[in-house]
2 protein chains.
Amino acid sequence: MARKPADQSVSKDDIIIAAADVLKRNGYDATTMKDIAAQVNLTAASLYHHFKSKDFLLLAVLEIGLEHAIQLIEQTLHSNQSYAEKLREMIETHIIGVTENTAFGAAMVFEMKALINARPNGDKEDEFIQRRDAFFARRDYFESLFRRSIHAGIEAGEFRSVDAAIVTRAMLGAHNWVGVWYKDGGRLSGEAIAAIMADTFLTSLKYSAED
Amino acid sequence: MARKPADQSVSKDDIIIAAADVLKRNGYDATTMKDIAAQVNLTAASLYHHFKSKDFLLLAVLEIGLEHAIQLIEQTLHSNQSYAEKLREMIETHIIGVTENTAFGAAMVFEMKALINARPNGDKEDEFIQRRDAFFARRDYFESLFRRSIHAGIEAGEFRSVDAAIVTRAMLGAHNWVGVWYKDGGRLSGEAIAAIMADTFLTSLKYSAED
DNA sequence: GCTATAATCGAACCAGCATTTGATTATTTT
DNA sequence: AAAATAATCAAATGCTGGTTCGATTATAGC
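Residues numbered from 1 in each chain as written. Chains lettered and ligands numbered in written order. Predicted model: local features only at pLDDT ≥ 70, side-chain atom pairs only at ≥ 80, totals over all residues. Heavy atoms only, no water.

Novice: What is the right way to read the packing of aromatic side chains from this model?
Specialist: Two aromatic rings, taken as a pair, are described by how far apart their centres are and by the angle between their planes. Summed over the entire model, instances satisfying the criterion amount to 7 aromatic pairs over all chains. With 5.5 Å between their ring centres and 65° between their planes, Phe-142 of chain A and Phe-146 of chain A make a pair best called edge-to-face. Taken together, the residues span about one helical turn, with Phe-142 of chain A and Phe-146 of chain A both in helix α8 (residues 124-155) at a distance of 4 residues. The class of Phe-146 of chain A is buried, set by a relative accessible area of 0%. Above the plane of the ring of Tyr-28 of chain B lies Lys-54 of chain B, whose end atom (NZ or CZ) is 4.3 Å from the centre. The ring of Trp-181 of chain A carries the charged tip of Arg-169 of chain B above its face, separated from the ring centre by 4.7 Å. (Phe/Tyr/Trp six-rings, centres within 6.5 Å; stacked < 30°, edge-to-face > 60°. Helix = DSSP H or I, 4+ residues; strand = E, 2+ residues; numbered from the N terminus. Buried < 20%, exposed > 50% of the residue type's maximum accessible area, 1.4 Å probe, protein only. Lys NZ or Arg CZ within 6 Å of the ring centre and 35° of its normal.)

Shown next as structure tokens:
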């Protein structure tokens, strides 16, 4: 080891956070390595000491964002509340997470295509594809947390019988979209938005008079 | 006029449709003018006879997609049904539209950033900005159709009192997202998906036992 | 103090791609 | 058939931006 990873030195995570930020503003292709580097007072060349390529950097951004979201949601699973209350907490947690970090939230929506399209050359290719597939698997897992939660609620008789897969995707679409339009300092706080949306979906899932 | 716009000649609309298709597969930046041209058996240079620049072509794609969607929705407004049934029709129409033309649907989600980021140079700048702003205005108008519909339903006492703006965005987020994950030949048809999602939101809006 | 190595930079490389230019071919109008 | 113009292309231009290379500087371990 050499050169302390403190002081003048920038950590991998610093770069990832900076990248997410620039990415949010400009999108993947419009973001240059120079832009990202400037954000942490480095030159573009220096970034290659930390990441194999721009693609790998994007992947790292998405991985961190997703793992953070997964971690938040997994925490809510341990509570002892009803399925309805648990789902409400999941939805609110997710949306608040998106509004608190729109950089990662927006990346999750917009940069997906860039990830799919990335074609690393030569030797790095294998590792990249492997990690990308792993990322998609995690993404599916994330979705499954919500789907299973709905399923469980149906089984337990708390929710009416719906197509859990579709309702899940409707929910996640709504959540992701928040990252696109949400602006800090708007009419409603992230918490307020989260509460309204959670209410929207829970009201839909609970048994109503008409049934 | 010269050179018939039939036969060997390609129409502006042909190019737009081709562009939407390539765009959907690759995303704006990864799509080259050559790619689009190839799709209609032209060279990249030829495209400049029909469009001032790549940015203008993207704009044309988005405009067409949006106007189509608006037109579909506006048709449903004239019906004489209850607000609930009207909204159901709007939702289903929109989602089916997205699934029937995922190219435009996905563009509406993914290429928005490219549009915002576009910086045309010199003379074309003014016209571009103007048209782009007009596009955003139309986009707001599209959103307002749903929002007003919800409002009207609340006023009429058909829907419970919700924050129409937020619920609208939840809905549109869900709809847009369909364009991202929907695959032809999947478990459910576009109609089926549309019905489930419409049901999800309408159930949420109608008065339920708990209230 | 050496030595290995981490972290960084400046400069160069090079490929891809939007766009321009100038010519060519087809089609319509008169 | 001549003139005007629409539609097209091949080739050249020029720039942007990812990536590589070699050198330099700082730090940790011995």
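Novice: What exactly am I supposed to notice about the pattern of salt bridges here?
Specialist: Two side chains that carry opposite charge are able to pair once their charged atoms sit near each other. Residue and element names in this part refer to chain A. Tallied over the entire structure, the rule returns 20 salt bridges over all chains. A salt bridge links Glu-127 to Lys-52; its shortest N-O distance comes to 2.7 Å. Taken as a pair, Glu-127 in helix α8 and Lys-52 in the loop between α3 (44-47) and α4 (54-77) lie far apart in primary sequence, 75 residues in all. In this structure Glu-127 comes out as partly exposed when scored by relative accessible area, which is 31%. Under the relative-accessibility criterion, Lys-52 is labelled partly exposed at 41%. (Salt bridge = Lys/Arg side-chain N within 4 Å of Asp/Glu carboxyl O.)

Novice: Looking at this structure, how should I read the nonpolar core?
Specialist: Considering soluble globular proteins, one finds that nonpolar side chains tend to be buried as a cluster. One finds Leu-87 of chain A together with Leu-87 of chain B to be the most contacted residues of the largest nonpolar core, which totals 145 residues. With sequence-adjacent residues up to four places away left out, Leu-87 of chain B is seen in contact with Phe-146, Ser-149, Ile-150, Phe-159, Met-171, Leu-202 and Leu-205 of chain B. (Core = buried A, V, L, I, M, F, W, Y, C linked by side-chain atoms within 4.5 Å. Contact = heavy atoms within 4.5 Å.)

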